[in-house]
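Now for the letters of each chain:
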Amino acid sequence: MIRPILLRIAGFALTLLAVAAAIFVIVDVLPGDTASVMLGTSAREDTVAALRAQLGLDRPAPIRFLGWIAGMLHGDLGQSVTYAMPVGTLVAERLAVTVPLAALALAIVAILALPLGTAAAAAHGRAPDRVIGIVSQLGVAVPNFWLGLIFVLVFATGLNWLPAGGFPGWGAGLWPGLRSLLLPAFALALPQAAVLTRIVRSATLDVIGQDFVRTARAKGLAGRAALLRHVVPNALVPITTILGLQLSFLIAGAILVENVFNLPGLGRLAYQALAQRDLVVIRNVVLLLAAIVIAVNAAVDLGQVALDPRLRRRR
Amino acid sequence: MIRRANPALLVGGALTLALLLVALVALAWTPEIPTRVRIPLRLKGPLAAGLLGTDHFGRDVLSMLMLGAANSLAIAVPSVLLGATLGTAIGAAIAAVRGGVETAILRVADVVFAFPAVLSAIMLGALLGAGPTAAVIAIAVFNVPVFVRVSRAAALGVWSMDYVAAARSVGRGPASVTRTEILPNMAGILIVQVTVQLALAVLTEAGLSYLGLGIRPPNPSWGRMLADSQTFLSQAPHLAIAPGLAVALAVLGLNLLGDGLRDALDPRLRSR
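Just so we're clear, the structure is a prediction, and the values are computed from it rather than from any experiment. (Residues numbered from 1 in each chain as written. Chains lettered and ligands numbered in written order. Predicted model: local features only at pLDDT ≥ 70, side-chain atom pairs only at ≥ 80, totals over all residues. Heavy atoms only, no water.)

Moving on, we come to the overall build of chain A. Along the backbone of chain A there are 13 helices and 2 strands. Every one of the 315 residues in chain A was classed for burial, and the buried ones make up 44%. Restricting to contacts in chain A with at least 6 residues of sequence separation, those with at least 24 account for 71%. As displayed, chain A offers around 14,800 Å² of accessible surface, 67% of which is attributable to carbon and sulfur atoms. Looking at charge distribution, chain A has the averaged site of its 25 positive side-chain charges lying 16 Å from that of its 14 negative ones. (Helix = DSSP H or I, 4+ residues; strand = E, 2+ residues; numbered from the N terminus. Buried < 20%, exposed > 50% of the residue type's maximum accessible area, 1.4 Å probe, protein only. Contact = heavy atoms within 4.5 Å. Areas by Shrake-Rupley, 256 points an atom, 1.4 Å probe, with all protein chains shown as cover. Lys, Arg positive; Asp, Glu negative; His and termini not counted. Charge placed at Lys NZ, Arg CZ, Asp CG, Glu CD.)

To continue, consider the domain arrangement of chain A. All names here are of chain A. What the domain assignment reports for chain A is domain 1 (2-73) and domain 2 (93-314). Averaged C-alpha coordinates put domain 1 and domain 2 at centres separated by 32 Å. Each partner contributes to the interface: domain 1 provides 17 residues, whereas domain 2 provides 18 residues. When the two sides are added together, the surface that domain 1 and domain 2 hide from each other amounts to roughly 1,500 Å², 78% of it contributed by carbon and sulfur. For domain 1, the biggest contributors to the area lost against domain 2 are Arg8, Met38 and Trp68; these three give 34% of the whole. In this structure, the connection of domain 1 to domain 2 is made through 0 salt bridges. Applying the counting criterion to the domain 1 and domain 2 interface returns 1 residue pair in polar contact (both at pLDDT 80 or more). The set of elements that each furnish at least two residues to the side of domain 1 that touches domain 2 consists of helix H1 (2-29), helix H2 (34-39) and helix H4 (61-73). Looking at the side of domain 1 that touches domain 2 element by element, the count peaks at 11 residues for H1. (Domains from an automatic or database assignment. Buried area = accessible area lost by both parts, 1.4 Å probe. Salt bridge = Lys/Arg side-chain N within 4 Å of Asp/Glu carboxyl O. Polar contact = N/O pair within 3.5 Å; in protein donor to acceptor, adjacent residues only side chain to side chain.)

This part covers the packing of helix H5 (residues 87-122) of chain A against helix H8 (residues 174-208) of chain A. All names here are of chain A. Between H5 and H8, whose axes approach to 6 Å, the crossing angle comes to 35°. Our pair here, H5 against H8, has a crossing hand that is right-handed. Residue classes in the contact of H5 with H8 are distributed as 26 nonpolar, 5 polar and 1 charged. (Axes fitted to C-alpha atoms, helices over the stretch in contact; angles between N-to-C directions. Left-handed = near helix turned anticlockwise from the far one by under 90°. Nonpolar A, V, L, I, M, F, W, Y, C, P; charged D, E, K, R; others polar.)

This part is about unusual backbone geometry. Pro218(B) follows Pro217(B) through a cis peptide bond whose omega is 5°. Assignment of secondary structure puts Pro218(B) in the loop between helix H8 (187-211) and helix H9 (222-229). Even without a glycine there, the phi angle at Asn160(A) is positive, about 60°. Position of Asn160(A) among the secondary structure elements: in the loop between helix H7 (144-158) and H8.

To continue, consider the interface of chain A and chain B. Listed by partner, the interface residues are 44 residues for chain A and 38 residues for chain B. Roughly 3,700 Å² is buried in total at the junction of chain A and chain B, and carbon and sulfur atoms are behind 80% of that figure. Considering only the surface of chain A that becomes buried against chain B, Trp146(A), Leu149(A) and Leu274(A) emerge as the three largest contributors, covering 16% of it. For the interface between chain A and chain B, the tally reads 1 salt bridge. The closest approach of N and O atoms between Arg198(A) and Asp259(B), which form a salt bridge, is 2.9 Å. Run the count over chain A and chain B and you get 5 residue pairs in polar contact (both at pLDDT 80 or more). Mapped onto the side of chain A that touches chain B, the elements with two or more residues apiece are H1, helix H6 (127-141), H7, H8, helix H10 (223-260), helix H11 (266-275) and helix H12 (279-307) of chain A. It is H10(A) that contributes the most residues to the side of chain A that touches chain B, 8 residues altogether. In terms of residue class, the side of chain A that touches chain B is made up of 35 nonpolar, 6 polar and 3 charged.

All names here are of chain B. Of all the positions in helix H7 (residues 174-185), only Val177, Thr178, Glu181 and Ile182 are classed as buried. Buried residues of H7 fall within an arc of 125° about the axis and therefore sit on the same side. Exposed side of H7, more than 90 degrees from the buried face: Ala175 and Arg179 are the residues found there. Looking at the buried residues of H7, the elements they touch are helix H2 (61-97), helix H5 (132-159) and helix H6 (162-169). (Arc of directions from axis to C-beta.)

As for its placement among the helices and strands, Ala84(B) is situated in helix H2. With residues near it in sequence (within four places) discarded, Ala84(B) still touches Phe147(B) and Val194(B).

Moving on: the packing of H8(B) against helix H10 (residues 238-265) of chain B. Residue and element names in this part refer to chain B. Two elements in contact, H8 and H10, have axes separated by 9 Å at closest approach and are oriented at 170°. Of the possible angle classes, the one that applies to H8 and H10 is roughly antiparallel. Residues Gly188, Ile191, Val192, Thr195, Val196, Leu198, Ala199, Val202, Leu203 and Ala206 of H8 form the contact with H10, whose own contacting residues are Val247, Ala250, Val251, Leu254, Asn255, Leu257, Gly258, Leu261, Arg262 and Leu265. Of the residues contributing to the contact of H8 with H10, the split by class is 15 nonpolar, 4 polar and 1 charged. (Parallel < 35°, antiparallel > 145°, perpendicular 65-115°, else oblique.)

Tallied over the entire structure, the rule returns 12 salt bridges over all chains. One salt bridge connects Glu32(B) with Arg36(B), and the closest N-O pair in it is separated by 3.6 Å. Overall, the relative accessible area of 27% leaves Glu32(B) in the partly exposed class. Look at the salt bridges and you will find they share partners, linking Arg198(A), Asp259(B) and Arg262(B) into a network.

What follows covers the side chain of Arg268(A). Residue and element names in this part refer to chain A. As for its position among the elements, Arg268 is in helix H11. Of the side chains with opposite charge, Glu258 comes closest to the buried, unpaired Arg268, at an N-O distance of 7.1 Å. Beyond its immediate stretch of four places on either side in the chain, Arg268 contacts Arg94, Glu258, Asn259, Asn262 and Leu263.

Next up, the structure:
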């Protein structure tokens, strides 16, 4: 059990290094002179030279890359030019919004999709299955940022129940912070919940059709008991894989939804950094978001080994 | 033999056909010039000026929506075709070769797939400048690993068939067998996947244009219209509703068409 875990951690580290190299090439090497890209075409020659020196661009690219990686290992991500503060501090502030937002959305996805998908499979072909099928088909088609706008229209400006945007900071207390994340989290979660509902349904149907479920039924186990004892645990492996993959859609969605609701999160930071051509921020934020997605998928992979004894022997 | 009509195929096909027709018509004719600014007519409600009202510059919303359909497809179609062509070539090749190369490429595909298209678009925006080219490449990059996986799985299925063994036994090489036996027999699966990925691409394009990373204004796009509508949300809610419905209907149509085609092409899955 220890060896496969260590192997996977080593693989994870190598993957991150490869991703970092790819990001570095795209953001730092290919655009040519980073300093003049950041300052725009109208910048004066001495300003560009000063920034070039400040960013250490006079050194060759491989040395700069190693410098970035070495700095990261020390917890030093460099200095943001536009925000005039360490990128590490900036990112930590933004993570305090994006991580709770994504976690809340993921929880909503799971809470809605697991029972709905199972219920649809249990009622295969009958009215509840058809209704859940139609609703989830509609849910998949709706853009999360549009759902955000509609929520603002209905629940903020219309009914005045929840704030239309902005974030008071966790210093203002747990409830005010959470309150301003509710609408964005639902906007982010509902389309993904629709996706997962469909997957839970088909994964459950796959298991229901197998021999051991028929055996359980033949032994006299009633419909619901057979479903909970034998079907749901066996359907969980494919479902958790998809749930892990959905995180990458939730993060992509966070970039959009944070913009709808004016939330000072990581996604909005990445987007703003592009508008401000702050390449130091872009490469760090993109790497961090990619690292989160890859790490969660690696964790899901490991979790499945715990969930399904068969996977332990095979690998 | 007359089979029970496939409702997903019918509804999805109709919606997709409507989307295509609107996009084609918009290239030749729209009720108004979509970019014409008419300040006296600004923020008019539906029917007060034009069928769907006007925006904050007095531009005709219906005309913008129509051209938006064409612009949405102008990003979605090339990006999916690019991703599908590359991905299928790689997937079919590794299914023929197998071994360490296959494992290594699948690993890389997993990592690329973990990269959301919006994130790639932001990175490519830093490289190429935000715009349609960066958007097409970002969506294409996201599609490559999808098609690598799908086409590899499909190709492996075909490789196990007796007629492929027969073709091999007469001494034909893997490249020749892939061309004449493997690829034609996985076309159905690929067509279904292209349709489903087109839906996702329309959705992604709307998001990218919303952020200003896709179609450049004043060329109208559904995403940009939604971004503009935000400032006037309580004054003119129709501006936020119409483009969102357009995206949702386009995506719904393509998804249903994909589901319907899957059922039609693979009767074994019909019970699902």
